[in-house]
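Chain residues, written in single-letter form:
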Amino acid sequence: MASAKESPRFGILGGGQLARMLAQAAQRLDVRTEVWDADRVCPAASSALVHPEAMEKEAALACGLFTLESENVGLERLRQLEAWGCHCAPKADVLAALQDKVAQKELLAGLGAKLPAFEVVESVGALQAFGQSQGWPVVLKKRTGGYDGRGNATVHRSEEAEAAWELLGGRGLYVEAFCPFERELAIQVVRGRDGERKSYPLVDSVQENHICKVVTAPSEVPESLAQEARDLAYALVEEIEYVGVLAVEFFLTSDGFLWVNEVAPRVHNSGHYTMDATACGQFENHVRAILGWPLGDTRLWQPAAMVNVLGDGDGRGFPRGVAQALAVPGARLHLYGKARARAGRKMGHVNALAASASEARERAEKAANSLTFVS
């Protein structure tokens, strides 16, 4: 009798909602996932084996392959895994090129991307001098560790510089000129181990309080701009030999130019709509890419929208109004299994398909607005 062959597996550093959805996509392919997270009841726990955050060599080698759900993972963790002989996607050197936002911008500038003026600042005076030369407002940012608007501060005039400096800790900061955009856009591309590449559509993204609230696909901008975004993202993943899904966020200005905002080396909130609007969503394609399997179809079936479901205050993790949300035609609800809600916390999202992106947005918003987490 032939011996049973063990299914493939990989580890995820971090156990939040992105890890949960990666694990769910892997399960459909009979791929095992293991998560390293300090919280044993993290969102990914329902779909993956959870290990303590501290990693032991034996457990790491048994897993062999690792990816991450956040670019803010410590580089030293990836370097240790690689020193032990594990494969990481992205590799530590690749993450190092993108994790530091200044290094990221220098890399993008070398590829010809349009970027707001930026400068490393080491004092309040340097911040004020930049504002005086570039014009107010400016945006002060942490070089590493920012997420959902945390780690950023908009400085409208010189008198606000000191408070912003103290808010962000006064270390490891840079400042960039404010980009007067008309809309925000994003694109996700995926690159396999063998260099195969695919792109999802360019999408419109609406932010509220620095948190992604609504995504509509495809974007209404001309195809020439979508091609420009796609070409830049492809150039980036080729330059650093990236493996997996990567997202690039853009500003579109009134004169019709695309300016790069930031790059996220991971599956991304702006690509959640792909779970229901394409044959192979971003999570499955990330799994395929890191395992060296052929990439799936990224074409959009029909116009789609994604609306994030955010906590509306301190409350229960499972919302009220689920039945009403599910009653909305064409709406698909994805909840993240978090134990408690708090104001602005991402608790889930709603995807919807329709004849137009605007109609899909109406459906997704109607479903999302049915939900409340306050007891």
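Shown above is the structure to which this text applies.
Described in the following lines is the structure provided in the data block.

Rules used in this analysis
- Each chain has its residues counted from 1, running along the sequence as written.
- Selection of residues for local features in this predicted model requires a pLDDT of at least 70, selection of side-chain atom pairs for listing and counting requires 80 or more, and totals for whole chains, interfaces and linings are taken over all residues.
- Only hydrogens and water are removed before side-chain values are computed, so all heavy atoms of the structure are retained for them.
- Here the rule is simple: two strands pair whenever DSSP picks up at least two bridges between them.
- Labels follow the DSSP assignment, with helices taken as runs of H or I lasting at least four residues and strands as runs of E lasting at least two, numbered in each case from the N terminus.
- Any two residues whose heavy atoms approach within 4.5 Å are treated as being in contact.
- Working convention: axes come from line fits to C-alpha atoms, limited for helices to the stretch in contact. Angles between N-to-C directions cover 0 to 180 degrees.
- Throughout, disulfides are identified as pairs of cysteine sulfur atoms within 2.5 Å of each other.
- Using a 1.4 Å probe on the protein chains alone, a residue whose accessible area is under 20% of its type maximum counts as buried, one over 50% counts as exposed, and one in between counts as partly exposed.
- For a helix, the expected span equals 1.5 Å multiplied by the residue count minus one.
- When describing relative orientation, an angle under 35 degrees is termed roughly parallel and one over 145 degrees roughly antiparallel, while 65 to 115 degrees is termed roughly perpendicular and anything else oblique.
- The handedness criterion is simple: a crossing whose near helix is rotated anticlockwise from the far helix by less than a right angle is left-handed, and one whose near helix is rotated clockwise is right-handed.
- Note on residue classes: Ala, Val, Leu, Ile, Met, Phe, Trp, Tyr, Cys and Pro are nonpolar, Asp, Glu, Lys and Arg are charged, and everything else, Gly too, is polar.

The parallel open sheet is built from 5 strands, whose spatial order is E3-E2-E1-E4-E5. Every other strand in the sheet has two partners, leaving strand E3 (49-51) and strand E5 (87-88) as the edge strands with one partner each. Two strands pair when backbone bridges link them, and strand E1 (residues 9-13) and strand E2 (residues 32-36) are joined in this way by 5 bridges, in the parallel orientation. What sits directly across from Arg-9, in E2, is Arg-32. On the sheet, helix H1 (residues 17-28) packs against E1, E2 and strand E4 (65-68) and is oriented at approximately 170° with respect to E1.

Quick look at the state of the cysteines now. For the coordinates displayed, the defined rule picks out 0 disulfides. Counting only cysteine sulfurs, Cys-63 is the nearest neighbor of Cys-42, a cysteine outside any disulfide, at a range of 14 Å. The class for Cys-42 is buried, based on a relative accessible area of 4%. As a non-bridged cysteine, Cys-212 has Cys-179 as the owner of its nearest cysteine sulfur, 18 Å distant. The exposure class of Cys-212 is buried, given its relative accessible area of 8%.

Read from one edge of the open sheet, 4 strands run E6-E9-E7-E8, paired in antiparallel fashion. Both outer strands of the open sheet, strand E6 (118-121) and strand E8 (152-155), are each paired with one neighbouring strand and no more. Ignoring which end each strand starts from, the neighbouring axes of this sheet average 25° apart. Bridging between strand E7 (residues 138-142) and E8 involves 4 bridges; their strand directions are antiparallel. By the bridge assignment, Leu-140 is partnered in E8 with Ala-153. Along the sheet, helix H6 (residues 124-134) contacts E6, E7 and strand E9 (173-177); its crossing angle with E9, the most-contacted strand, is approximately 10°.

Residue pairs spaced three or four apart in an α-helix point in one direction, given the helix's 3.6 residues per turn. The first and last C-alpha atoms of helix H12 (residues 357-369) sit 18 Å apart over 13 residues, in line with the 18 Å expected at 1.5 Å per residue. At its buried positions, H12 is contacted by strand E13 (211-217), strand E16 (304-310), helix H11 (322-326), strand E18 (331-335) and strand E20 (346-353).

At their nearest, the axes of helix H3 (residues 75-84) and helix H4 (residues 92-99) sit 9 Å apart, and the two run at 165° to each other. Between H3 and H4, the interaxial angle falls into the category roughly antiparallel. Classified by chirality, the crossing of H4 by H3 is left-handed. Residue-level inspection shows Leu-75, Leu-78, Arg-79 and Glu-82 of H3 in contact with H4, the latter providing Ala-92, Asp-93, Leu-95, Ala-96 and Gln-99. Counted by class, the contact of H3 with H4 contains 5 nonpolar, 1 polar and 3 charged residues.

Just geometry here; none of it tells us what the structure is for.
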